[in-house]
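What follows is each chain in one-letter form.
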Amino acid sequence: MRTNANIQDRKAYMKNYEISFLKFIFTIIVIYSHTTSFMDEGMETIRRNCGQSGYWAVHFFFIVSGYLMISHYFKNKPQFLAGKESWKFIERKFRSIAMQYYVAFFISLCIYLIVYIYTNDENTVSKLIQIVVGTIPEFFVVKQIGFNGSLMMNGATWYISAMLICMIPLYYMLVKNP
C-alpha cells in the first residue's frame, strides 16, 4: 500500500529529466567546441561561435553542480560536524567519477609518453621522470589550485578539479551556517 510519505520520498529522488536533457545538449556543445580545432581554416566564424557556446556550457554546468550540491544538502540535512560532512560530500562526489577519471588520466599519460619517446631525441630516464612528476597535481585533482607549469594530460578534466575545489569551502559554509 502506498502512503503519502512513500510518494514524497520517491519524488525527492526522482531524476530531473529537464536538467538531464539540458546536460546532454550542453555536453554536445562542449564536445563540439573542443573539436573545432580540427576544422578547415575557412570555418573561422563557426570555430569562434562554438568557443563562445562552450563557455556558456561551462557556466551551465557550474550552476547545475551548485544546484545539485544545495539539493543534496536539503535532502540530507547533515547532523555532524561541518568539516566531517564536507569531507564525506566531496569524497562521495569524487568516488562517483574516480574510475573514469583515472582511466582517462593513465591512457592520456601513456599516449603522451609514447608520442614523446618517438618524437624527441632527448629520451633520458630523468626527462621521462620529470614528465611523470609534472602530472602529480592533475593526478591528485588539484591542478586548478594554481600549479602553473605542470603538465595537463587530459585538458578537459580541468572542470572536475575546479568544481571539487570550489565545492569544498562552499559545502562547508553551507553546513556550518544553514
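Residues numbered from 1 in each chain as written. Predicted model: local features only at pLDDT ≥ 70, side-chain atom pairs only at ≥ 80, totals over all residues. Heavy atoms only, no water.

Asks: Is there a simple way to explain helix H5 (residues 98–119) in this structure?
Replies: For an α-helix, the turn length of 3.6 residues means that residues three or four places apart are oriented alike. Taking 1.5 Å of rise per residue, 22 residues should cover 32 Å, and H5 covers 31 Å from first to last C-alpha, within 8% of that figure. Taken residue by residue, H5 has Ala98, Tyr101, Phe105, Ser108, Leu109, Leu113 and Tyr116 as its buried positions. Take H5 and look down its axis: the buried residues cluster within an arc of 130 degrees, on one side only. Every exposed residue of H5 that faces more than 90 degrees away from the buried side is listed here: Met99, Gln100, Ile111 and Tyr118. Packing partners of the buried residues in H5 comprise helix H4 (82–95), helix H6 (125–133), helix H7 (136–139) and helix H8 (158–176). (Helix = DSSP H or I, 4+ residues; strand = E, 2+ residues; numbered from the N terminus. Expected span 1.5 Å × (residues − 1). Buried < 20%, exposed > 50% of the residue type's maximum accessible area, 1.4 Å probe, protein only. Arc of directions from axis to C-beta. Contact = heavy atoms within 4.5 Å.)

Asks: Mind showing me how you'd approach the pattern of salt bridges here?
Replies: Enumeration over the complete set of coordinates arrives at two salt bridges. Residue glutamate 85 is joined to lysine 88 by a salt bridge in which the shortest nitrogen-to-oxygen separation is 3.6 Å. Of this pair, glutamate 85 and lysine 88 both sit in helix H4, three residues apart, roughly one helical turn. Residues arginine 95 and glutamate 91 are paired through a salt bridge, measuring 2.9 Å at the closest nitrogen-oxygen approach. You can see arginine 95 and its partner glutamate 91 sitting in helix H4, four residues apart, about one turn around the helix. The exposure class of glutamate 91 is partly exposed, given its relative accessible area of 30%. (Salt bridge = Lys/Arg side-chain N within 4 Å of Asp/Glu carboxyl O.)

Asks: Sorry if this is basic, but what is going on with the environment of tyrosine 32 here?
Replies: Inspection of the secondary structure assignment puts tyrosine 32 in helix H2 (residues 17–35). Here tyrosine 32 falls in the partly exposed class, since its relative accessible area comes to 39%. Placed 22 residues apart in sequence, tyrosine 32 and glycine 54 show a C-alpha to C-alpha distance of 8.1 Å.

Asks: What is the right way to read the packing of H5 against H6 from this model?
Replies: Any two packed helices are characterised by how steeply their axes cross, that is the angle between the axes, and by the distance between the axes. With their axes 11 Å apart at the nearest point, H5 and H6 run at an angle of 150 degrees to one another. Relative to H6, the element H5 is oriented roughly antiparallel. By crossing handedness, the relation of H5 to H6 is classed as right-handed. Note on element contacts: H6 touches H5 through Lys127, Leu128, Ile131 and Val132, opposite Tyr112, Leu113, Tyr116 and Ile117. Of the residues belonging to the contact of H5 with H6, the class tally is seven nonpolar, no polar and one charged. (Axes fitted to C-alpha atoms, helices over the stretch in contact; angles between N-to-C directions. Parallel < 35°, antiparallel > 145°, perpendicular 65-115°, else oblique. Left-handed = near helix turned anticlockwise from the far one by under 90°. Nonpolar A, V, L, I, M, F, W, Y, C, P; charged D, E, K, R; others polar.)

Asks: Looking at this model, I keep getting lost on the packing of aromatic side chains. Mind explaining?
Replies: Each aromatic ring pair is summarised here by two numbers: the centre-to-centre distance and the angle between the ring planes. With the rule as written, the count across this model stands at 17 aromatic pairs. Arranged with centres 4.4 Å apart and planes meeting at 25 degrees, the rings of phenylalanine 26 and phenylalanine 60 form a pair that is stacked. A residue pair is termed long-range when its members are at least 10 positions apart, and phenylalanine 26 in helix H2 and phenylalanine 60 in helix H3 (residues 44–76) qualify at 34 residues. You can call phenylalanine 26 buried: its relative accessible area is 19%. On the numbers, 6.4 Å between centres and 80 degrees between planes, the contact of tyrosine 73 with tyrosine 171 is edge-to-face. (Phe/Tyr/Trp six-rings, centres within 6.5 Å; stacked < 30°, edge-to-face > 60°.)

Asks: Got a minute to help me understand the confidence of the model for the chain in this structure?
Replies: For any part of a model where pLDDT is low, the fine detail of the predicted coordinates should not be relied upon. On average, the chain scores 78 in pLDDT, and the residues at 70 or more come to 79%. Ranking the elements of the chain by mean pLDDT puts helix H1 (residues 4–12) last with 51 and H5 first with 89. (pLDDT = per-residue confidence, 0-100.)

Asks: Before we go on, may I ask you to explain the nonpolar core in this structure?
Replies: Where a protein is soluble and globular, its nonpolar side chains tend to be buried together. Counting 23 residues, the largest nonpolar core has Phe89, Phe94, Val141, Leu164, Met167 and Tyr171 as the members making the most contacts within it. Within the residue set of this core, elements represented by two or more residues are H2, H3, H4, H5 and H8. Top contributing element to this core by residue count: H8, with eight residues. Among residues more than four places away in sequence, those in contact with phenylalanine 94 are Tyr101, Tyr102, Val141 and Leu164. Counting residues in hydrophobic clusters, the runner-up holds six residues, among them Phe105, Leu109, Leu113 and Met153. (Core = buried A, V, L, I, M, F, W, Y, C linked by side-chain atoms within 4.5 Å.)

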